[in-house]
Amino acid sequence: MRDKYAIVGTATSDLGRTGMDSLALLEQAMRRAIDDAGLDVGDIDGIISRGPDNIYTHHQRMGARLGLDVRFSTTLTNGGASQILSVALACMAIDAGLASTVITGYGRNSWTRTHQNEGSREKMELTPDDQLPKEFAPEYGYFAAPATHAFGARRHMYEFGTKREHFGHVALAFREHALRNPNAVMKKPLTMTDYLEARMIAEPYGLYDCSLVSDGAGATIVTSLERAKTLKQKPVVIKGFGTFNNARGWLADDHMIRLAAKQSGEQAYRMAGLSPADVSTAQIYDCFTGMVIAQLEDYGFCKKGDGGPFVASGALSLDGALPTNTSGGQLSEAHVEGMLQIVEAVRQLRHGYAADRQVKNAEIALVSGHGGNTVCHSSLLLGRA
Amino acid sequence: MSEHLLPLPEPSIETEKFWSAVQERRLVMPKCEACGTVNFPPRVACEACTKADFTWTEMSGRGKVYSYTVYHRVYHPAFKEKVPYVVAVVELEEGPRIISNIVGVPLAEVTCDMPVAVMYDEVRDGYLIPKFTPAERSNA
């Protein structure tokens, strides 16, 4: 699949506290992506979309909103790994002759949903009620995503000597990037003291280790590289992708410190004929700070266990060794389940930013997606044509 | 008002035997008669050898903390008075890892790989759930 397909359009919806429906947010992002590509809605003949997990046949709802019957459409259920998988599936569908121009996207209105009333705010739960665990969870007071990820962070600290300050460096680096992004939700600088003194959520995770509860959507348009060269934007080429799912579960083996990012990344590097040293910028699924450290290790940017010192070295900043989450990430831009990571990678590779946001000589971007009860992983390598 | 009651587990068809044994202060799980692997949560056939010959067998109740978190945020009104409390992944001696609470120890003294032993705690209305507490060295 290397160098056969390209992303020719991309966009986000409004981000933050919108009061909008999740489908409306994604429709907004998709229409903006179509404009960005210089295409008409009627040029789209495939849809791969996803939203909150209680929306059945999400892709049909998006087709209806766009006014489109399409040759290929579906919805994936790999959680935060779905968004990269959608781009990969778009390539496969086009390769199989099932479609020519596929729009992919994800939208959520998490802020609006969890602030409708007092009860929803307290619970802060985005999983549909009937899918929440009924045993080995509520009776122990085990609720919500932070604790699940905190298990991994705690074990990482225990095995490798990782410290809370290391997690803090992730939060600080992404906040610094968000301050350069006018669309980012978080607007104020964050210091290490702010980080360490913030209220605890589920130890070792405090407030700033956790990604945002925000509304937002993003979309991309995938077509053949041949066709991409005739379109408005400089194409961003799909170099490689990979997936791996630790389906035995987060609690099995050492999955909570050695993520499926490793095998997923190896597959993507292999398809692309690239190695970690070739990557100019990384856009990493940052649901929680510790997940960034674990993934950077699993992707081979440093040795397993050395992620803490690696991020403390300043590597993640715009002029660092590996500028990462350069739009602020889910910790400081908005949490759109990995979709904004794809959008930002495309924008960096177009070299369209002013100097204060542009990664110098960005040639190859690595994007990661993680989710689906914390075990599904997808990786995407993008490059300039 | 009911939302302020501590939640009880809702056993599935496959875990009923586990929870009813807990009410008798016993920890039982399906053990493969062919290879000895304890499968929990239960399966139709053994994950290790694929044989479908299980016997619900009493566990030693000993294990260690694989990892843990201390809750500070309240996600359910019934836990308002409980924070801060420890939720842990406990690895039983026989292999399975289960979610539980670590009790009977200051929060700051909980560590990964700490040896623990089962105890039974009443949630409400006489309903017991297994929790874990630091194991005496002699038992570990």
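Residues numbered from 1 in each chain as written. Chains lettered and ligands numbered in written order. Predicted model: local features only at pLDDT ≥ 70, side-chain atom pairs only at ≥ 80, totals over all residues.

A.B. asks: Report on the packing of helix 7 (residues 164-179) of chain A against helix 11 (residues 289-298) of chain A, specifying residues and quantitative values.
C.D. replies: When two helices pack together, their arrangement is given by the angle between their axes and by how far apart the axes lie. Residue and element names in this part refer to chain A. At a minimum axis distance of 8 Å, the contact between helix 7 and helix 11 shows a crossing angle of 95°. With respect to helix 11, the axis of helix 7 lies roughly perpendicular. Here H166, F167, V170 and A171 of helix 7 come into contact with helix 11, specifically with T289, G290, V292 and I293. (Axes fitted to C-alpha atoms, helices over the stretch in contact; angles between N-to-C directions. Helix = DSSP H or I, 4+ residues; strand = E, 2+ residues; numbered from the N terminus. Parallel < 35°, antiparallel > 145°, perpendicular 65-115°, else oblique. Contact = placed C-beta atoms within 7 Å.)

A.B. asks: Outline the interface of chain A and chain B, supporting the account with residue identities and numerical values.
C.D. replies: Between chain A and chain B, the contact holds 26 residues from the first and 29 residues from the second. Breaking the side of chain A that touches chain B down by element, the ones donating at least two residues are helix 6 (145-160) and strand 5 (200-203) of chain A. Ranked by residue count, the leading element in the side of chain A that touches chain B is helix 6 of chain A, at 6 residues. In terms of strand pairing, strand 5 of chain A meets strand 3 (residues 62-71) of chain B through 2 bridges, oriented antiparallel. By the bridge assignment, E203 of chain A is partnered in strand 3 of chain B with V70 of chain B. (Pairing = 2+ DSSP bridges.)

A.B. asks: Lay out the environment of V38 of chain B in plain terms, naming residues and giving numbers.
C.D. replies: All names here are of chain B. Counting through the fold element by element, V38 comes out in the loop between strand 1 (28-32) and strand 2 (54-58). When the C-alpha atoms of V38 and P96 are compared, they prove to be 6.9 Å apart, with 58 residues separating the residues in sequence. If near-sequence neighbours (up to four positions away) are discounted, V38 is found in contact with M29, K31, E94, G95 and P96.

A.B. asks: Requested: an account of the domain arrangement of chain B, with residues and values cited.
C.D. replies: Residue and element names in this part refer to chain B. Entries for chain B in the domain assignment read domain 1 (11-58) and domain 2 (60-140). Each of domain 1 and domain 2 has a C-alpha centre, and the two are 21 Å apart. On the side of domain 2, 9 residues touch domain 1, which itself brings 8 residues to the contact. (Domains from an automatic or database assignment.)

A.B. asks: Summarise unusual backbone geometry; cite the residues concerned and give the values.
C.D. replies: Residues E203 of chain A and P204 of chain A are joined by a peptide bond in cis, for which omega reads 5°. Mapped onto the elements, P204 of chain A comes out in the loop between strand 5 and strand 6 (205-206). In this structure, P41 of chain B follows F40 of chain B across a cis peptide bond, with omega equal to 0°. Mapped onto the fold, P41 of chain B is located in the loop between strand 1 and strand 2. Of note, T57 of chain A is a non-glycine position whose phi angle comes to about 45°, a positive value. Mapped onto the elements, T57 of chain A comes out in the loop between strand 2 (46-50) and helix 2 (58-66). Not every positive phi belongs to a glycine, and F136 of chain A is a case in point at roughly 55°. Its place among the elements puts F136 of chain A in the loop between helix 5 (118-123) and helix 6.

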